[in-house]
Amino acid sequence: MPVVLAAVLVLVLAAVGIAVVRPGPVADWLGDEPAGRGAAATVAEPAPVEVLAGTDANAPMPTPEGVRAALAPLVGVPALGDRVHVSVADVTTGQPLFGRGEDDATVPASVTKLVTGVTVLAARGPAYRIPTRAVAGAAPGEVVIVGGGDPTLAVDKKGFYPGAARLDDLAAQVRAALGGTKPTKVTVDSSLYSGPVFEPGWDDDIPTGGYGGAITALMTDGARSDVTRAKKDEAAGNHWAERVPQPDLAAGRAFARLLGVPAGAVARGTAPADATPAAAPGPGAELGRVESLPMVRLVDVMISDSDNIVAEALARQVALARNQPASFAGAGAAMDAVAGELGLPADELTLADGSGLSRSNRISPSLLTDLIALAGDGSRPELAAIFGGLPVADWSGTLADRYETAATKAGAGVVRAKTGTLTKVHAIAGLVSTADGRLLTFAVLTDAVPPDGLTAARGALDRIGAALAGCGCR
């Protein structure tokens, strides 16, 4: 398995044009200190060496006839229902190799996150960090915490997301800025977001079902109510977590505790505009700021953990970057617009949310394979961050316990893909290396599977990926 994984990593890294070494733009995206800054810069570092060999540039491409012969018997099986839409393409050239209803917009479930990831990387850039600010309120001692949309914000070093910005750091900045003035009130400004906190197309059980929650511009730990338990469950492979019903107020109360302000003195409101000179800070003056992990890492978290709360926050960042309302509707319109800017067939895309929980979403398989090919052909290296978090078959994420049977083992370690599941909806989209070493992108979306057909549908999808992995298809 390690040999197989090394091979697929070589293929992905070569395809997306990202070097194995850190110097260059990737280091900047990740927030590394560039050479020349700080004391550490005086210590000479050895020149980086290549640790992975390049791929065979002459690996033969499958033929459309060969791919059709391999997949035709697999895409029409009853386990996938009667609405099965498929697209397969070559990553290097973008050439389509197989299609069945490939341009038909279909309910995508969580593969929506691939569109969210690519559009936010294009709109915000990989190095962008989401701020959370504290400003002086209108009354003496009033502190306003202004949510910027960072869903990973932690209360302290025990937060759910490693490396996240922290409220205790923000509180320390506020105390220093206020000097001898004692905080007496905390106002929570989460007005950056507008519209409903739940998407109308979500199933009734999603708001309280442990995988979704209220989407507000201020929250901590993805709105999880018990971070300690959630971390233990996550380590065991369970992404379910109880969410607080009002994430912005919960975060505001946590901030108040850090400032020594009683919970009764916490309320929603808006920050005053800062009209005072820096020498005499008054209402609206910034008292402190913390910033999220860079966007490249937030995208990785979203895709690797299929984190719905993070996905909705990143979708709103696309809206903000395109001067759209930071709402479900505004985010959907903005992502559609950015997809069009990238040359993707935006007429095959309708988004009501960024996570894929909504049954109102529609994406065609060909748009997904076009998107993956664009991210992987090296022309837009910033988009390649979507690949870092893709689950690996029989190894990690939502594919950790798949591709284990004799009929699917050929895909183990060489299929990397985002999955999607809602009742009756099953999808997969990602990358696969053929037996000859050619990197392909594939997407299979089906939204008419019997409600009790989850296991059979997943097995049928896995056989499609395994067939591509196991043949040269020529």
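Residues numbered from 1 in each chain as written. Predicted model: local features only at pLDDT ≥ 70, side-chain atom pairs only at ≥ 80, totals over all residues. Heavy atoms only, no water.

## Regarding the packing of helix α4 (residues 112-124) against helix α11 (residues 365-376)
Reasoning step 1: Two elements in contact, α4 and α11, have axes separated by 11 Å at closest approach and are oriented at 40 degrees. By the angle class used here, α4 and α11 are oblique. Where α4 crosses over α11, the handedness of that crossing is left-handed. Every residue of α11 that contacts α4 at Leu114, Val115 and Val118 is listed here: Leu367, Leu368, Leu371 and Ile372.
Reasoning step 2: Looking at the contact of α4 with α11 residue by residue, the class counts come to 7 nonpolar, no polar and no charged. (Axes fitted to C-alpha atoms, helices over the stretch in contact; angles between N-to-C directions. Helix = DSSP H or I, 4+ residues; strand = E, 2+ residues; numbered from the N terminus. Parallel < 35°, antiparallel > 145°, perpendicular 65-115°, else oblique. Left-handed = near helix turned anticlockwise from the far one by under 90°. Contact = heavy atoms within 4.5 Å. Nonpolar A, V, L, I, M, F, W, Y, C, P; charged D, E, K, R; others polar.)

## Thoughts on empty space enclosed by the protein
Reasoning step 1: Throughout the structure, instances matching the rule amount to 1 cavity of 30 Å³ or more.
Reasoning step 2: What lines the largest cavity is Ser225, Asp226, Arg229, Ala230, Asp233, Trp240, Ala241 and Glu242. (1 Å grid on protein atoms, 1.4 Å probe; cavity = no way out; pocket = protein on both sides within 12 Å on 5 of 7 lines; lining within 4 Å. Points joined across faces, edges and corners; volume = space filled by probe spheres on them.)

## Examining the environment of Glu199
Reasoning step 1: Note on placement: Glu199 falls in the loop between β5 (185-189) and α6 (227-235).
Reasoning step 2: With a relative accessible area of 9%, Glu199 lands in the buried category.
Reasoning step 3: When the C-alpha atoms of Glu199 and Gly213 are compared, they prove to be 9.9 Å apart, with 14 residues separating the residues in sequence.
Reasoning step 4: Beyond its immediate chain neighbours, meaning those up to four positions away, Glu199 contacts Phe328, Ala352, Asp353 and Ser358.
Reasoning step 5: A polar atom in the side chain of Glu199 sits 2.5 Å from the backbone nitrogen of Gly201. (Buried < 20%, exposed > 50% of the residue type's maximum accessible area, 1.4 Å probe, protein only. Polar contact = N/O pair within 3.5 Å; in protein donor to acceptor, adjacent residues only side chain to side chain.)

## Re the pattern of salt bridges
Reasoning step 1: Throughout the structure, instances matching the rule amount to 17 salt bridges.
Reasoning step 2: Asp233 is paired through a salt bridge with Arg229; the nearest N and O atoms lie 3.5 Å apart. A residue pair is termed a helical-turn pair when its members lie 3 or 4 positions apart in one helix, as Asp233 and Arg229 do in helix α6 at 4 residues.
Reasoning step 3: Using a relative accessible area of 18% as the deciding quantity, one classes Asp233 as buried.
Reasoning step 4: With its nearest N and O atoms 2.8 Å apart, the salt bridge here joins Arg402 to Asp462. Here Asp462 lies in helix α13 (residues 454-470) and Arg402 lies in the loop between α12 (385-388) and β10 (415-422), a separation of 60 residues in the sequence. Take Arg402 and Asp462: they sit in the same class, and that class is buried. (Salt bridge = Lys/Arg side-chain N within 4 Å of Asp/Glu carboxyl O.)

## Structural notes on helix α8 (residues 295-305)
Reasoning step 1: Those residues of α8 lying buried are Met295, Val296, Leu298, Val299, Val301, Met302 and Ile303.
Reasoning step 2: Just past α8, the residue Ser306 takes up positive phi, approximately 50 degrees.

## Some points on the state of the cysteines
Reasoning step 1: Applying the stated criterion across every chain, the model contains 1 disulfide.
Reasoning step 2: A sulfur-sulfur separation of 1.7 Å characterises the disulfide bridge that pairs Cys471 with Cys473.
Reasoning step 3: According to the relative accessible area criterion, Cys473 is buried, its value standing at 5%. (Disulfide = S-S within 2.5 Å.)

## Describing unusual backbone geometry
Reasoning step 1: Of note in the backbone geometry, Ala109 takes a positive phi value of approximately 55 degrees without being a glycine.
Reasoning step 2: Assignment of secondary structure puts Ala109 in the loop between β2 (96-100) and α4.
Reasoning step 3: Note on Ala109: relative accessible area 1%, which makes it buried.

## Topic: the packing of α4 against helix α10 (residues 328-341)
Reasoning step 1: Running from amino to carboxyl end, α4 crosses α10 at an angle of 75 degrees, the nearest separation of the two axes being 9 Å. Considered as vectors, α4 and α10 are oriented roughly perpendicular to each other. When α4 is examined against α10, the residues Thr116, Thr119, Ala122 and Ala123 are found in contact with a partner set consisting of Met335, Val338 and Ala339.
Reasoning step 2: Its residues assigned to classes, the contact of α4 with α10 comprises 5 nonpolar, 2 polar and no charged.

Geometric values such as these leave the question of function open.
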